[in-house]
Amino acid sequence: MTASPLLQLSGVHKRFGGIKALDRVDLTVHAGTVHALLGENGAGKSTLIKMIAGVHEPDAGEIFVDGVPVRIPDTATAESFGIATIHQELNLVPSMTVAENITLGRTPRRLGLVNRGEMRRIAQDALDRIGLRVDLDRTVASLGIAHQQLVEIAKALSVDARLLVLDEPTAALTSTETEHLFEILRSLKDRGVGMVFISHHLDEIAAVGDSVTVLRDGSFVDEVPADAPESQLVRLMVGRGIEKLYPRRAPATGRPRLEVRELSSQGRFDEVSFSVRAGEVVGLAGLIGAGRTEVLRAISGVDKYDTGQVLVDGAPVRGQDVSAAVSAGIGHVPEDRKEQGLVLDLSVEDNLGLATLSRTSRGPLADLRGQRRRAREVTDQLQIKTDDVRRPVGSLSGGNQQKVVFGRWLLAGSGVLLLDEPTRGVDVGSKVEIYELINSLTSNGGAVLLASSELPEVLGISDRVLVMAGGRVAGELPSAEATQDAVMSLAVKEVEPTHVQ
Amino acid sequence: MSSDTTTSPPRAETRSTRQRISALLAENGALVGLLVICLAMFIATPEFLTARNLLNVGNQAAVVAILAFGVTLVIVAAGIDLSVGSVAALSAIGSGWIAATGLPGVLGLVGGPVLGMLAGLVSGLAVAYGRLPSFIATLAMLSVARGLTLVISGGRPVLMPPEINWLGAEIGPVPVPILVMLVMFAITAFVLNRTVFGRSLYAIGGNHEAARLSGLPVKRITARAYALSGLFAGIAGLVLAARLESAQPQAADTYELDAIAAVVIGGASLAGGRGKATGTLVGALVLAVIRNGLNLLNVSAFWQQVVIGLVIALAVGADVLRRRVS
């Protein structure tokens, strides 16, 4: 490491209005290493990588590429330095094909027309590099989110990036897909590519990282080797120790609250039956595409199902009718907070009150005063960090946004909660708070059905685990027997032939 | 730490009037624009700021404003209503036709707007349940309503009964259209701010999927927004016809574009989730003030169109800039 570092940020500083986003932060990335950035949401990670990507320029401080001081005023400049960024929100055009997306912005031309052969060659080459096998002529929209992500990485690599910035690349991936991605990252490392890697998963940092920079509240905290103990990383990140990542306290279970009987939906899931009792957390595990989300959406009335029955507290719930499900006591925290959970431009109070808007009304009039009072109560109760419930919910951090989605169902008095990826994109501190919230829901007689692609979470917080494979419940494991291996062996059961996405 | 800030009384309730006015101006760029334009017009021609002329401006703004209030409901829900001009004409002809058959004129007063509401409802059902894009559904209604207007009227103007004509008269010095406009403004503001329906429109426009997953009856609410837009168009049509004491089959042609312009100048987003009755009122006034001022300055009607176009682009551009800065 005697050569000058690939990228060095020295004492960079950034303000947005009155808010200090970054305060004298240093970061050094060498070629052929993976440098992890760790910090809770709002710690400044995104601002930092946006500086590297040319989205924001620092107010003060210096950036060096190969030891030479530079400015990165825009993304084109970043690209010219060989810096490619994979943002959390993917930059793909859903309606265009894989090949078109990979070559977007530098579509090969012949006589002013698109050179399709060349385009396909470049795209295939890019896919081969990361060992991804998808049809070049498929539209990106028809791919699952995991594959979309890999296409985005292939696209970045096809421009010969020397420095790859990955903002939570594993957030939407299953453990198998994550491992696949890591193999790709390791091979890139061997080829001398430097990487900046953001993840909330501490185990991933140890698995793929070389060193870690920890940020907190916009300030540099420390730089440590990636194999530092997790407890140390958490302490650096949160500023205090966290005793237990999965603080599950299972109360005695009562009568079944949610019963699902032979639920089937053509092409999505088949004969799914189970029940969740009062006080119980049942985890739904399985690979992406196994049907977890689809089952949750059918139970919550969002999507229709063909046959079968859903009962809450013994009473059947009408299918494909969200408001019937809500009245029956079902609350649904969808997998994508920004796309499905929240109206980002609306205030915290409006978002909290969405499910109770018509139920609390007097005739056609919304009970605005009551909604505000209840919103304030629930923000206090859930410790949602906002100084004013009239602020747009989009201005909150990821963890606090997710708590708003939970709060909505708390206000609606939902006793049966369907949680789909409840901690995706949420920092460790908020994660633990959400788990504690699940504890308090179940200790009050609530029933929770939790689907997550994060296996440690499913295992850590569930009292019972249902494993789905190919749209069916492949098996059920009590929490004592639910290990990663046991779950995975059920999850891959009989799905290979049907799954060639 | 955060609890004492959240439980303390909201700042707006303790703010002074001056702070509230400056906040209002900061939030509402269109209002600033309106004041600037008024000032400029006054400097250019003192005649602008006479009571008579201002009432005239209000009178001219009224029809577009009433149309625009209805369109605001649709735009907040992330839709668009291109049919309001045609629906206004259809309603007016319908009212005149009812009166001409010898039925009481009051029936015409009610029948026209109801006809407008039905036309809006058809568009709304096509959008909400038929899943047609709102642009297409209301473009179709634009043509259908105009066609029906011509069919019913045979292409000839229809006389309006006195039970409707008072809508175009004056009470003292104040033209009735201004009063109708203010009443419709109050109704729109009330509906958007205070009712479950109104709050739901913002949620649906802001994020359709989140609204649906929260259990809001998205389709029913969407259909209702278009029906209301049709009802508003019907009322606007009557006001327009009353001023002329007859319904013209070609009346309110392209008024939908002025209505949409007013909504957009008022700060609403065509992407949905944002828009206010006050903004729309200001937007309609901006258009009327410019037309009126340019008339006073003897600027040709041809050039007026150019100016109006620039103002729309400028207003929305400034709004985008302001949002990006803040």
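Just so it is clear, the model here is predicted, and its values are computed rather than measured.

Draft legend 1. Here's a closer look at the overall build of chain B. Helices and strands together make up the secondary structure of chain B, namely 16 helices and four strands. Over its C-alpha atoms chain B spans a radius of gyration of 20 Å, differing by no more than 12% from the 20 Å that the globule rule assigns to 326 residues. Taking the principal axes of its C-alpha atoms as reference, chain B extends roughly 70 × 55 × 35 Å. Across the 326 residues of chain B, 52% fall into the buried class. Sequence separation of 24 or more characterises 78% of the internal contacts of chain B that already satisfy a separation of 6 or more.

Draft legend 2. Structural detail: the overall build of chain A. Secondary structure assignment for chain A yields 17 helices and 22 strands. Relative to the globule expectation of 23 Å for 501 residues, the C-alpha radius of gyration of chain A, 24 Å, shows essentially globular dimensions. Within chain A, the fraction of its 501 residues that count as buried is 56%. The long-range share in chain A, meaning contacts at least 24 apart out of those at least 6 apart in sequence, stands at 67%. Carbon and sulfur atoms provide 48% of the accessible area of chain A, an area that totals close to 20500 Å². Across chain A, the mean location of the 55 positive side-chain charges is 5 Å away from that of the 67 negative side-chain charges.

Draft legend 3. View of the confidence of the model for chain B. Confidence in the prediction for chain B averages 90 pLDDT; 93% of positions are at 70 or higher. Note on residues 1-13 of chain B: pLDDT is under 50 here. Beyond four places in sequence and across chains, it has 14 contacts.

Draft legend 4. Examining the packing of aromatic side chains more closely. Residues and elements named next belong to chain B. Under the definition given, this model contains three aromatic pairs over all chains. Ring geometry for Phe-69 against Phe-185: centres 6.0 Å apart, planes inclined by 45 degrees, an arrangement best described as tilted. Of the two residues, Phe-69 sits in helix 5 (residues 51-76) while Phe-185 sits in helix 10 (residues 176-194), which places them 116 residues apart along the sequence. Neither residue differs from the other here; Phe-69 and Phe-185 are each classed as buried.

Draft legend 5. Region of the structure containing the packing of helix 5 of chain B against helix 14 (residues 255-265) of chain B. Residue and element names in this part refer to chain B. Running from N to C, helix 5 and helix 14 cross one another at 65 degrees; their axes reach a closest spacing of 8 Å. Taken together, the axis directions place helix 5 and helix 14 in an arrangement best described as roughly perpendicular. Helix-helix and strand crossings are classified by hand; for helix 5 and helix 14 the assignment is right-handed. Packed against helix 5, whose contacting residues are Val-63, Val-64, Leu-67, Ala-68, Val-71, Thr-72 and Ile-75, the element helix 14 presents Tyr-255, Asp-258, Ala-259, Ile-260, Ala-262 and Val-263 at the interface.

Draft legend 6. Examining the sheet that holds strand 14 (residues 269-277) of chain A more closely. Residue and element names in this part refer to chain A. Overall, antiparallel pairing links the four strands, which are arranged 14-13-16-17 in an open sheet. In this open sheet, the two strands that pair with only one neighbour each are strand 14 and strand 17 (315-316). Bridge analysis of strand 13 (residues 256-265) against strand 16 (residues 307-312) gives five bridges, and the strand direction is antiparallel. Across the sheet, Leu-258 pairs through a bridge with Val-312, a residue of strand 16. Along the sheet, helix 9 (residues 292-299) contacts strand 13, strand 14 and strand 16; its crossing angle with strand 14, the most-contacted strand, is approximately 65 degrees.

Draft legend 7. Main features of the interface of chain B and chain A. On the side of chain A, 33 residues touch chain B, which itself brings 25 residues to the contact. With both sides pooled, the region where chain B packs onto chain A buries about 2500 Å², and carbon together with sulfur makes up 57% of that total. Across the contact surface, chain B and chain A share two salt bridges. The salt bridge partner of A:Arg297 is B:Glu209, with a shortest N-O separation of 3.6 Å. Here chain B and chain A share eight residue pairs in polar contact (both at pLDDT 80 or more) between them. Of all the secondary-structure elements, those providing two or more residues to the side of chain B that touches chain A are helix 1 (2-7), helix 2 (11-14), helix 10, helix 11 (196-206) and helix 12 (208-213) of chain B. Among the elements that make up the side of chain B that touches chain A, the one with the highest residue count is helix 11 of chain B (six residues).

Draft legend 8. Representation of a nonpolar patch on the surface. Residue and element names in this part refer to chain B. Taken together, the side chains of Val-106, Val-110, Val-114, Met-117, Leu-118, Leu-121, Leu-125 and Tyr-129 make up a nonpolar region of the molecular surface, amounting to roughly 660 Å² of accessible area. One can find Leu-118 in helix 7 (residues 105-128). Residue classification places Leu-118 among the partly exposed residues on the basis of a relative accessible area of 46%.

Draft legend 9. Region of the structure containing the UniProt feature "transmembrane region" (unreviewed entry) in chain B. Per the UniProt entry, the sites bearing "transmembrane region" (unreviewed entry) are residues 21-45, 57-75, 82-100, 106-128, 135-154, 174-192, 225-244 and 302-321 of chain B in this numbering. Helix makes up 89% of residues 174-192 of chain B and strand 11%, whereas the separation of the span's terminal C-alpha atoms amounts to 27 Å.

Draft legend 10. How the structure looks around empty space enclosed by the protein. Residue and element names in this part refer to chain A. Within this structure, the stated rule accounts for four cavities of 30 Å³ or more. The space that makes up the largest cavity amounts to roughly 90 Å³. In this structure, the largest cavity is lined by 13 residues; those nearest its centre are Ser-175, Gly-286, Ser-453, Leu-455 and Met-488. Residue assignment for the lining of the largest cavity shows that the elements contributing at least two residues are helix 6 (175-190), strand 15 (281-286) and helix 17 (484-491). The leading source of residues in the lining of the largest cavity is helix 17, at three residues. Residues that form the lining of the largest cavity fall into these classes: six nonpolar, six polar and one charged.

Draft legend 11. Main features of the pairing of strand 14 of chain A. Relative to strand 14 of chain A, strand 13 of chain A runs antiparallel, the two being bridged by six bridges. In the sheet register, A:Pro256 faces strand 14 of chain A, and the bridge partner there is A:Arg277.

Draft legend 12. Highlighting the side chain of B:Thr138. One can find B:Thr138 in helix 8 (residues 134-153). On the basis of relative accessibility, which here comes to 0%, the residue B:Thr138 falls in the buried class.

Draft legend 13. Expanded view of the domain arrangement of chain A. Residues and elements named next belong to chain A. Taken domain by domain, chain A comprises domain 1 (7-238), domain 2 (242-329 + 414-501) and domain 3 (344-412). With centres defined by C-alpha atoms, the gap from domain 1 to domain 2 works out at 32 Å. Between domain 1 and domain 2, the contact holds 21 residues from the first and 15 residues from the second. Carbon and sulfur atoms make up 54% of the surface buried where domain 1 meets domain 2, a total of about 1400 Å² over both sides.

Draft legend 14. Structural context of the pattern of salt bridges. Inspection of the entire model under this criterion finds 35 salt bridges over all chains. A:Asp388 is the partner of A:Arg390 in a salt bridge, and the nearest nitrogen-oxygen pair spans 3.1 Å. In this structure A:Arg390 comes out as partly exposed when scored by relative accessible area, which is 27%. For B:Glu209, the salt bridge identified is with B:Arg212, shortest N-O distance 3.3 Å. One end of the pair, B:Glu209, and the other, B:Arg212, are both in helix 12, three residues apart, so they sit about a helical turn from each other. For B:Glu209, a relative accessible area of 21% puts it in the partly exposed group. Residue classification places B:Arg212 among the partly exposed residues on the basis of a relative accessible area of 25%.

Quick notes on the rules
- Residues numbered from 1 in each chain as written.
- Chains lettered and ligands numbered in written order.
- Predicted model: local features only at pLDDT ≥ 70, side-chain atom pairs only at ≥ 80, totals over all residues.
- Heavy atoms only, no water.
- Helix = DSSP H or I, 4+ residues; strand = E, 2+ residues; numbered from the N terminus.
- Rg over C-alpha atoms; globule rule 2.2 N^0.38 Å.
- Buried < 20%, exposed > 50% of the residue type's maximum accessible area, 1.4 Å probe, protein only.
- Contact = heavy atoms within 4.5 Å.
- Areas by Shrake-Rupley, 256 points an atom, 1.4 Å probe, with all protein chains shown as cover.
- Lys, Arg positive; Asp, Glu negative; His and termini not counted.
- Charge placed at Lys NZ, Arg CZ, Asp CG, Glu CD.
- pLDDT = per-residue confidence, 0-100.
- Phe/Tyr/Trp six-rings, centres within 6.5 Å; stacked < 30°, edge-to-face > 60°.
- Axes fitted to C-alpha atoms, helices over the stretch in contact; angles between N-to-C directions.
- Parallel < 35°, antiparallel > 145°, perpendicular 65-115°, else oblique.
- Left-handed = near helix turned anticlockwise from the far one by under 90°.
- Pairing = 2+ DSSP bridges.
- Buried area = accessible area lost by both parts, 1.4 Å probe.
- Salt bridge = Lys/Arg side-chain N within 4 Å of Asp/Glu carboxyl O.
- Polar contact = N/O pair within 3.5 Å; in protein donor to acceptor, adjacent residues only side chain to side chain.
- Patch = residues over 30% accessible without salt bridge, like charges linked within 9 Å, V, L, I, M, F, W, Y side chains within 5 Å.
- UniProt positions renumbered as here; feature names shortened; annotations may be inferred.
- 1 Å grid on protein atoms, 1.4 Å probe; cavity = no way out; pocket = protein on both sides within 12 Å on 5 of 7 lines; lining within 4 Å.
- Points joined across faces, edges and corners; volume = space filled by probe spheres on them.
- Nonpolar A, V, L, I, M, F, W, Y, C, P; charged D, E, K, R; others polar.
- Domains from an automatic or database assignment.

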